Each structure stands twice: as C-alpha cells, then as structure tokens.
Amino acid sequence: QVQLVESGGDLVQAGGSLRLSCAASGRSFSMYTMGWFRQAPGKDREFVATINWSGADTRYGDSVKGRFTISRDNAKNTVYLQMNSLKPEDTAVYYCAAGRSAATLRRLVDVGYWGQGTQVTVSS
C-alpha cells in the first residue's frame, strides 16, 4: 500500500514554471514505478511523464517533451515534476501515480495508486 499526496499546483502565466511534488507514504517507495498524468475539463486523463524505480529511465508525453522533467528522491519518498515554458493548454488537474506491474506508467491500467490531484492553471 502507498498513499500519494501532491503539492505545488498554482496559477501561473504562460511561459512560467512550476514544480510539482508528490510525497509517498509507506515503505518500499523505491520499488514503485512513478508517473504523472493530467486531466483537463471535459477531456480524458492523459499520460505526462514516468520514471522507473532508480530514476535512470524517464519517458514523456509528446506534448510536454523538452519542457517537463520528472525526477525522484527515494531517500525522501518523493517524485517531482518540473514544468517549464508552460502553455495555457497545460491547464489541468495533475495526478501522481504509482505502480509495480510495469516498468513505465504510460497506461491508466498500469497504475495501482493515485493521488488526489493538484490544480495547475496557466493564463495567457
């Protein structure tokens, strides 16, 4: 079992930056593949980024590649999402995700645990 709590969401102007954090409770955090997804109003939840247990393997959705960076600190049981060059279309609720059934978390079906979400709003 793992519980996930996101923080860092805010209102920011286009071109700005935000850093989201996801704190995980429970032991064996380092055994989990972690990821970030987002959901905008009226749209499906979509994959943003994922990181494997060691941090050596990261993957990104096409819409955020080159602008967002996922990282993790296993000593702090925390995963981060650094978001740069934000665009209005990045506006969404961002969810932290954890799973152990796959090396990456690109698909909703691979997610075992979800956080409650944090709102990111980018104004134009």
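Predicted model only: the values in this text are computed from it and were never measured. (Residues numbered from 1 in each chain as written. Predicted model: local features only at pLDDT ≥ 70, side-chain atom pairs only at ≥ 80, totals over all residues. Heavy atoms only, no water.)

### Brief notes about the nonpolar core
Nonpolar side chains in soluble globular proteins tend to end up buried together. Membership of the largest hydrophobic core comes to 29 residues, with the highest contact counts inside it found for Met-34, Trp-36, Leu-81, Met-83 and Tyr-94. Listed by contribution, the elements that provide at least two residues to this core are β3 (18-25), β4 (33-39), β5 (46-51), β7 (68-73), β8 (78-83), β9 (92-99) and β11 (118-123). (Core = buried A, V, L, I, M, F, W, Y, C linked by side-chain atoms within 4.5 Å. Buried < 20%, exposed > 50% of the residue type's maximum accessible area, 1.4 Å probe, protein only. Helix = DSSP H or I, 4+ residues; strand = E, 2+ residues; numbered from the N terminus.)

### A word on the environment of Tyr-94
Structurally, Tyr-94 is set in strand β9. Exposure remark for Tyr-94: the relative accessible area of 0% places this residue in the buried category. Sequence-distant contacts of Tyr-94, that is, excluding residues within four places in its chain, are made with Glu-6, Leu-20, Trp-36, Phe-37, Arg-38, Val-48, Phe-68, Leu-81, Met-83, Gly-117, Thr-118 and Val-120. Engagement of the side chain of Tyr-94 in a polar contact is seen with the backbone oxygen of Asp-90, the distance being 2.6 Å. (Contact = heavy atoms within 4.5 Å. Polar contact = N/O pair within 3.5 Å; in protein donor to acceptor, adjacent residues only side chain to side chain.)

### A short note on the sheet that holds strand β1 (residues 3-7)
By way of backbone hydrogen bonds, the strands of a sheet pair with one another, either parallel or antiparallel. Taking strand neighbours across the sheet as the criterion, the four strands line up as β1-β3-β8-β7 in an open arrangement whose pairing is antiparallel. Taken across any chain shown, the strands that pair with only one partner, and hence form the sheet edges, are β1 and β7. Strand-to-strand twist across the sheet, computed as the mean angle between neighbouring axes with direction ignored, equals 15°. In terms of strand pairing, β1 meets β3 through five bridges, oriented antiparallel. Paired with Gln-3 across the strands is Ser-25, a residue of β3. (Pairing = 2+ DSSP bridges. Axes fitted to C-alpha atoms, helices over the stretch in contact; angles between N-to-C directions.)

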